[in-house]
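Commentary on secondary and tertiary structure
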Amino acid sequence: EIEKYADKNIITARQLGSDNNILFSIDEGSKNKVSIIQKGSRNNVEGDPRARGIEDESNQNLVKIRQYGMDNNALVDIDEGADKNSLIILQRGSNNTADVGGIDGEIEYSDRNTANMAQFGSDNKVALEITKSAVGFEGSDNNTISAIQRGASNNTAVKILIGSDKNSIRIAQFGSSNENN
């Protein structure tokens, strides 16, 4: 966990096997780099439940998550004034979920962030949500999201935009029986 005012740190975590969990958070930190690699099945990466990922004015951080196997999950929030952060999620296998909003994660009240997700295999899901925190607050603006899915059998991309402006979402799906909701 990168705590308040922690800047320019590098964290690398590698896990082999199944049923592994990594919790992380960047809270009021800038220019940190987090790299997480998991190989196996039923692995999870998520923002620490107390902080849920990148938040509280954490700026210009880079988070890379790579998961190889089946039934893996990556859940990341970018919240509360966290601006100009980059998130990269790569998943190879089947029945994986990349969640930057939509199920449990979100980009909320944060601007100019970039999230790139790529999934290779079948039955994978990308969930996206960009929102504002409450009525009267500014929305989340000028964020760029891209999702690429290659494979078959109901790959799904969900997108919801609430109270936010000038965001860009690009979704590319290659294969058969894909959905884009």
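Predicted model only: the values in this text are computed from it and were never measured.

1. Some thoughts on the sheet that holds strand β1 (residues 10-16)
- Taken in spatial order, the seven strands line up as β1-β4-β7-β10-β13-β15-β17 in an open sheet, and their pairing is parallel. Single-partner strands in this sheet number two, and they are β1 and β17 (168-174). Averaged over all neighbouring strand pairs, the angle between strand axes comes to 5°, with direction disregarded.
- Relative to strand β7 (residues 62-68), strand β4 (residues 33-39) is paired through seven bridges, and the arrangement is parallel. Following the sheet pairing, Lys39 is matched in β7 by Tyr68.

2. What to know about the nonpolar core
- In terms of nonpolar packing, the biggest core is built from 23 residues, with Val63, Ile65, Leu87, Ile89 and Met117 touching the most fellow members.
- Mapped onto this core, the elements with two or more residues apiece are β2 (21-24), β4, β7, β10 (86-92), β11 (97-100), β13 (114-120), β14 (125-131) and β15 (144-150).
- Not counting residues within four places of it along the chain, the set of residues in contact with Leu87 comprises Val63, Ile65, Val76, Val100, Thr114, Ala115 and Asn116.

3. Describing a positive patch on the surface
- Taken together, the side chains of Arg14, Lys33, Lys39, Lys64 and Arg66 present a region of like positive charge at the surface.
- If you list the elements that add at least two residues to the positive patch, you get β4 and β7.

4. Describing unusual backbone geometry
- Look at Lys8: it is not a glycine, yet its phi comes out positive at around 60°.
- Along the chain, Lys8 turns up in the segment before β1.
- If you check the backbone angles, Asp123 has positive phi at about 55° while not being a glycine.
- In this structure, Asp123 sits in the loop between β13 and β14.

5. What about the packing of aromatic side chains?
- Within this structure, the stated rule accounts for zero aromatic pairs.
- If you follow Lys39 out to its NZ or CZ, it ends over the ring of Tyr68, 5.6 Å from the centre.
- Taking the ring centre of Phe174 as reference, the NZ or CZ of Arg150 above it sits at 4.3 Å.

6. Here we look at the pattern of salt bridges
- In the structure shown here, the tally under the stated rule is one salt bridge.
- Between Asp19 and Arg42 there is a salt bridge, with the nearest N and O atoms lying 2.9 Å from each other. Residue Asp19 is found in the loop between β1 and β2, and its partner Arg42 is found in the loop between β4 and β5 (44-47); the two are separated by 23 residues along the sequence.
- Using a relative accessible area of 41% as the deciding quantity, one classes Arg42 as partly exposed.

Quick notes on the rules
- Residues numbered from 1 in each chain as written.
- Predicted model: local features only at pLDDT ≥ 70, side-chain atom pairs only at ≥ 80, totals over all residues.
- Heavy atoms only, no water.
- Pairing = 2+ DSSP bridges.
- Helix = DSSP H or I, 4+ residues; strand = E, 2+ residues; numbered from the N terminus.
- Axes fitted to C-alpha atoms, helices over the stretch in contact; angles between N-to-C directions.
- Core = buried A, V, L, I, M, F, W, Y, C linked by side-chain atoms within 4.5 Å.
- Buried < 20%, exposed > 50% of the residue type's maximum accessible area, 1.4 Å probe, protein only.
- Contact = heavy atoms within 4.5 Å.
- Patch = residues over 30% accessible without salt bridge, like charges linked within 9 Å, V, L, I, M, F, W, Y side chains within 5 Å.
- Areas by Shrake-Rupley, 256 points an atom, 1.4 Å probe, with all protein chains shown as cover.
- Salt bridge = Lys/Arg side-chain N within 4 Å of Asp/Glu carboxyl O.
- Lys, Arg positive; Asp, Glu negative; His and termini not counted.
- Charge placed at Lys NZ, Arg CZ, Asp CG, Glu CD.
- Phe/Tyr/Trp six-rings, centres within 6.5 Å; stacked < 30°, edge-to-face > 60°.
- Lys NZ or Arg CZ within 6 Å of the ring centre and 35° of its normal.

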